[in-house]
Amino acid sequence: MKSPLICIVGPTAVGKTEIAIQLAQHLDAEIVSLDSRQIYREMDIGTAKPTPDQRGAVPHHLIDCVDVDQPFSVAEYQRLADVAITEIWERGKRTMAVGGAGLYFRGLIDGLFDGPGADAEIRSKLQREAEEHGNVALHEQLRRCDPETADRVHPNNRVKVIRALEVYELTGKPISALQQQWKRNKPRYPFRAFGLNMPREMLYRRIEDRVEEMVEAGLIAEVKGLLDQGYPRSCVAMQSFGYKELIEYLDGKRTLDEGIALLKQNTRRFAKRQLTWFCNDLRIEWLDISQFSSIDRIVDNLLAKNSV
């Protein structure tokens, strides 16, 4: 029997990367990313990708997979992750899945839920509505028919908002209701999942510090470089937090201070949605890492938990 997949999940900026790398070194494991933005090439600073040194210390997979304007689905993620996990196991090593993308986690562990296929006409109609009335108006439409999904999908994530509305229009059921199929599925892999968390005020301070560090590290130049290459402002990756706010600054729609403040706010909101998603999965064992004096102590605790 294959060794269980060890999953490390939790909100952005909680410290998953550093802890997972040290744990992976103890377990002789390789890491499969559970991050929906680190898949994009050239989006390094704003997605907080592991550094070259970190990726040299422990092999990482599903990072830098596609170009910024290339569509990428949960089904494609699942396919690539399955390949990576199989290859890691064939090398006789353990596998860790690390990140904060709840949908990728569920797709990897529980598979894809049985929902309707894409409808080009409905998608085009919803896309036109978004262009005419804005993302917030489309998101409010989602909130009226599926408040649960609206709570965990940001208004700027137009692809997910449109997909949820499309499913509702095709089936008359919220996508959140269809996703309940996951609870009936047998996991695709043997796994143990550990969630990292800390008091909300501490997490928010870490988020704000990280944003400042990203700006100092050259995030504005990274965003400008992507625009200069001709990547459209409307593509999914460029509409994500960390990019959309600074595009608006570069376009003269807000000051730099306003852009940074909005980025901090949007990142805090994203972390809250991540926690909402993961806390609904009772299979995840949570660890308040603020209770430990060092990463070494956190890793020791994870190693000791149920003989990981």
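Structure: above.
How each quantity is defined
Residues numbered from 1 in each chain as written. Predicted model: local features only at pLDDT ≥ 70, side-chain atom pairs only at ≥ 80, totals over all residues. Heavy atoms only, no water. Helix = DSSP H or I, 4+ residues; strand = E, 2+ residues; numbered from the N terminus. Rg over C-alpha atoms; globule rule 2.2 N^0.38 Å. Contact = heavy atoms within 4.5 Å. Areas by Shrake-Rupley, 256 points an atom, 1.4 Å probe, with all protein chains shown as cover. Lys, Arg positive; Asp, Glu negative; His and termini not counted. Charge placed at Lys NZ, Arg CZ, Asp CG, Glu CD. Salt bridge = Lys/Arg side-chain N within 4 Å of Asp/Glu carboxyl O. Buried < 20%, exposed > 50% of the residue type's maximum accessible area, 1.4 Å probe, protein only.

Q: Lay out the overall build of the protein chain with the relevant residues and their values.
A: Helix and strand counts for the protein chain stand at 14 helices and six strands. Expected size for 308 residues packed as a compact globule is a radius of gyration near 19 Å; at 19 Å, the protein chain falls within 12% of this value. Each principal axis of the C-alpha distribution contributes one length, and for the protein chain these read about 55 × 45 × 35 Å. Partitioning the intrachain contacts of the protein chain with sequence separation of at least 6 by distance along the chain shows that 76% fall at a separation of at least 24. Entry remark: accessible area of the protein chain is about 14600 Å², with carbon and sulfur atoms responsible for 48%. For the protein chain, the centre of its 43 positive side-chain charges and the centre of its 45 negative side-chain charges are spaced 5 Å apart.

Q: Which residues make up the pattern of salt bridges, and what values do they have?
A: Following the criterion strictly, the structure yields 21 salt bridges and no others. The salt bridge involving Arg188 is made with Asp82; its shortest N-O contact spans 2.5 Å. In this pair, Arg188 is assigned in the loop between α9 (175-178) and β5 (191-197) and Asp82 in helix α3 (residues 74-90), connecting sequence segments 106 residues apart. Residue Arg188 is classed as partly exposed on the basis of its relative accessible area of 32%. The salt bridge involving Arg143 is made with Asp151; its shortest N-O contact spans 2.8 Å. For Arg143, a relative accessible area of 30% translates into the label partly exposed. According to the relative accessible area criterion, Asp151 is partly exposed, its value standing at 46%. In this structure, a network of salt bridges that share partners links the residues Asp28, Glu30, Arg91 and Lys93.

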